[in-house]
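Listed here are the chains, written in short residue letters.
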Amino acid sequence: MEQLEFFSIPSPCIGVCAANSKGYCKGCLRSREERLYWLKMNDVQKQQVLRLVGLRRQKIQRLAWERGQARVELPEQMEFEF
């Protein structure tokens, strides 16, 4: 049974709209396609994108830790690769 959504899922955009060399936004960590089609996605698709964004954020944090960075930089401050 699918859970009912009572509120629309907001965009993860934080207003830092710049892409890295792979096309991922340095602010919200979405791909070009995920940003382009956000408004056309249904709630299930948006939840999947948010899950992927979370995994990307974890990867950035892990890479920062492996590089010996005491403090994880904000995505827009570092060049990351996926």
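Preceding block: the structure.
Residues numbered from 1 in each chain as written. Predicted model: local features only at pLDDT ≥ 70, side-chain atom pairs only at ≥ 80, totals over all residues. Heavy atoms only, no water.

Asks: Just checking my understanding: could you explain the overall build of the chain for this structure?
Replies: In terms of helices and strands, the chain carries two helices and zero strands. Sorting the 82 residues of the chain into buried and exposed places 30% on the buried side. Taking all contacts inside the chain whose residues are at least 6 apart in sequence as the whole, residues at least 24 apart take part in 47%. Carbon and sulfur atoms make up 55% of the accessible area of the chain, which amounts to about 6,000 Å² in all. (Helix = DSSP H or I, 4+ residues; strand = E, 2+ residues; numbered from the N terminus. Buried < 20%, exposed > 50% of the residue type's maximum accessible area, 1.4 Å probe, protein only. Contact = heavy atoms within 4.5 Å. Areas by Shrake-Rupley, 256 points an atom, 1.4 Å probe, with all protein chains shown as cover.)

Asks: Would you take a moment to explain the packing of aromatic side chains for this structure?
Replies: For any pair of aromatic rings, geometry is given as the distance between the ring centres together with the angle between the planes. Considering all chains together, one arrives at zero aromatic pairs under this definition. Over the ring of Trp-38 we find Arg-30, and its NZ or CZ is 5.2 Å from the ring centre. (Phe/Tyr/Trp six-rings, centres within 6.5 Å; stacked < 30°, edge-to-face > 60°. Lys NZ or Arg CZ within 6 Å of the ring centre and 35° of its normal.)

Asks: Please clarify how the environment of Val-49 should be interpreted in this entry.
Replies: Its location among the elements puts Val-49 in helix H2 (residues 43-66). Sequence separation between Val-49 and Pro-12 is 37 residues, and the spatial gap between their C-alpha atoms is 9.5 Å. The residues touching Val-49, leaving out its near neighbours within four places in the chain, are Arg-30, Glu-34, Trp-38 and Met-41.

Everything listed here is a matter of coordinates, which is why it stays silent on function.
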